[in-house]
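Listed here are the chains, written in short residue letters.
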Amino acid sequence: MAKEGAQRAEETEQMIEKEGGHEGAEGSAGGSLRAADAKEMRAVVLSAFGGLNKLRVAKRLMPEPREGELKVRVKACGLNFLDLMVRQGNIDNPPKTPLVPGFECSGIVETLGDNVKGFEIGDRVMAFVNYNAWAEVVCTPAEFVYKIPDDMSFSEAAAFPMNFVTAYMMLFEVANLREDMSVLVHSAGGGVGQAVAQLCSTIPNVTVFGTASSFKHEAIKDSVTHLFDRNADYVQEVKRISPDGVDIVLDCLCGENTGKGLSLLKPLGTYILYGSSNMVTGETKSFFSFAKSWWQVEKVNPIKLYEENKVIAGFSLLNLLFKQNRGGLIKSVMDKLINLYNNKKIKPVVDSLWALEEVKEAMQRIHDRGNIGKLILDVEKAPTPLVS
C-alpha cells in the first residue's frame, strides 16, 4: 500500500502534460474549433477505461460554440459516483476514449453561439454537459445552462444540478411525495442523499430513513429521521419502527438491496433504482462484481406487483436530458429548485475542493465512500503540496 501511495503521489506531481498531435477539425470538449486561431486549455483526460492511472491533466484545443451553444469559462466541476463508473467503463454503451469526463460545471459565459437568447457575456451560470465538463472551457447547448443566484458560490453551483434535479425528479415527479409519507434513501451522506433529505424537509411530516457508513452518522444525523449503518440489517430496523414499511425507496446500490427495498414498500409504494454502486468493488471493472450484483437482483414478477399494489421504477437524469429530449422539463425543475434555494429551503453540501491535478485523489475518496456531500474540482485551485 505504501508503494502504491508513493507511486500515486509521484503521478500527481507529474500530471500536467502536453498532448502532441492535432485534435482535428472537431474538439473533444464540445463545439467546433477554428484551426487558424485555436487556443489550448487544461482538461482532465481519460486515456482508456480502467484504474486511476488512466487519468491525467493534459492540454487540449479550446472549443468554440456552435449554433445554440454557450462557451463557458469553467470555475468548478462536480464529481459524481457515476464518473467513477465511467472511468472503469462500467456503464452501458460507453463512449470511445480518450475523452474528457464530467457532466456538470459552473462558470462564466464567455461567448454566445448564434441564435442564443436569454444570456449575456459575463453571466454566472451552471450547466449540464454531455461529458467534457472537467476542463477550463466547455461548450454546451443553452437549454442545459442556468443562471446562478447572486449569493450562490461557483462550488455550490457545481454541486447543484445533478444532485438536486435527480432528488427532486425522483421524489416529486416519479414517486409523488406528499405530506405524512416516508422515504428510505441509501448513501444518505452523499450528494444525492443530502439533497433528498433537504427536499423531504420542505414537506410536512415526512419521515426519512437513511443508511450510511457509521463514521458519517454524527455529521448527518440531523438531516434524517432514522439513520442506520450501511452494513446493518436495515430491513428489520425499518420494520421495527414502521411495521407497514415505507412509501418510497430510493436505491443507488442495486444487487440484493433491490429485493430488500421492494419488501419494505407499503401498498401503493414506489421503489426507484437510480444507480448500481454495488458493482464497484475495486479500482477497475470487475466482471465478478457485475455478475454477482445482477444475480442478487430479485426477479420482478409483474403479477406479484399487481397483487401487492407496488410500483417499481428507474431514473437516469442524463438519459432524460441527452437521449430523451426532456430539457424543457428539467428547466422547469431547475426553476423550482432555484426558488427553494433563494428562499433558504435547500443548500448544496460541498464535501471538499480539489485541483484538477488532484482528480485521482478526489476519485479515490468517492470510491472509499468517504465524502459527505459533493466533491468539487476547483479549476483555479493549485494542488496541495505533497508531504514526504
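Residues numbered from 1 in each chain as written. Predicted model: local features only at pLDDT ≥ 70, side-chain atom pairs only at ≥ 80, totals over all residues. Heavy atoms only, no water.

With an unreviewed UniProt entry as reference, the protein is termed VAT1L protein, source organism Crypturellus soui. Here the protein is described in UniProt, under the heading Sequence similarities (unreviewed entry), as follows: "Belongs to the zinc-containing alcohol dehydrogenase family. Quinone oxidoreductase subfamily." (UniProt positions renumbered as here; feature names shortened; annotations may be inferred.)

**Student:** Talk me through the packing of aromatic side chains; I want residue IDs and the actual numbers.
**Tutor:** Considering all chains together, one arrives at seven aromatic pairs under this definition. Plain terms: the ring middles of F103 and Y131 are 4.7 Å apart, the flat faces sit at 55° to each other, and that makes the pair tilted. With F103 in the loop between α2 (81–88) and β5 (104–112) and Y131 in the loop between β6 (124–128) and β7 (137–141), this pair connects stretches of sequence that are 28 residues apart. Y131 carries the same exposure label as F103, and that label is buried. Ring geometry for Y168 versus F172: centroids 4.7 Å apart, planes at 40°, classification tilted. You can see Y168 and its partner F172 sitting in helix α4 (residues 161–174), four residues apart, about one turn around the helix. (Phe/Tyr/Trp six-rings, centres within 6.5 Å; stacked < 30°, edge-to-face > 60°. Helix = DSSP H or I, 4+ residues; strand = E, 2+ residues; numbered from the N terminus. Buried < 20%, exposed > 50% of the residue type's maximum accessible area, 1.4 Å probe, protein only.)

**Student:** Now, about the packing of α4 against helix α5 (residues 191–200): what can you tell me, with residues and values included?
**Tutor:** Each pair of packed helices can be described by the angle between their axes along with the distance between the axes. One can describe the packing of α4 onto α5 by two numbers: an axis separation of 8 Å at closest approach and a directional angle of 50°. The angle between the axes of α4 and α5 places the two elements in the oblique class. The crossing of α4 and α5 is right-handed. Across the interface between the two elements, N163, F164, T166, A167, Y168, M170, L171 and F172 of α4 pack against G191, V192, A195, V196, Q198, L199 and C200 of α5. The residue inventory of the contact of α4 with α5, partitioned by class, reads 11 nonpolar, four polar and no charged. (Axes fitted to C-alpha atoms, helices over the stretch in contact; angles between N-to-C directions. Parallel < 35°, antiparallel > 145°, perpendicular 65-115°, else oblique. Left-handed = near helix turned anticlockwise from the far one by under 90°. Contact = heavy atoms within 4.5 Å. Nonpolar A, V, L, I, M, F, W, Y, C, P; charged D, E, K, R; others polar.)

**Student:** Outline unusual backbone geometry, listing residues and values.
**Tutor:** The step from T97 to P98 runs through a cis peptide bond, and the omega angle for that step is 0°. Residue position: P98 is located in the loop between α2 and β5. A positive phi angle, close to 60°, is found at N205, a residue other than glycine. Position of N205 among the secondary structure elements: in the loop between α5 and β10 (207–212). Even without glycine at this site, L268 takes up a positive phi of about 70°. Given a relative accessible area of 69%, L268 falls into the exposed group.

**Student:** So what's going on with the sheet that holds strand β9 (residues 182–185)? Which residues, and what values?
**Tutor:** One open sheet holds the six strands; their spatial order is β11-β10-β9-β12-β13-β14, and the pairing between them is parallel. If you trace the sheet from one side to the other, it starts and ends with β11 (226–229) and β14 (311–314), each paired once. Along the sheet, successive strands turn relative to each other by an average axial angle of 15°, direction set aside. Sheet analysis places β9 next to strand β12 (residues 246–251), joined by three bridges and oriented parallel. Bridge assignment links V183 to a residue of β12, and that residue is I248. Across the face of the sheet, helix α7 (residues 234–241) comes into contact with β9, β10, β11 and β12 while running at roughly 155° to β11. The sheet strands contacting helix α8 (residues 256–264) are β9, β12, β13 (265–273) and β14, and the helix crosses β13 at an angle near 150°. (Pairing = 2+ DSSP bridges.)

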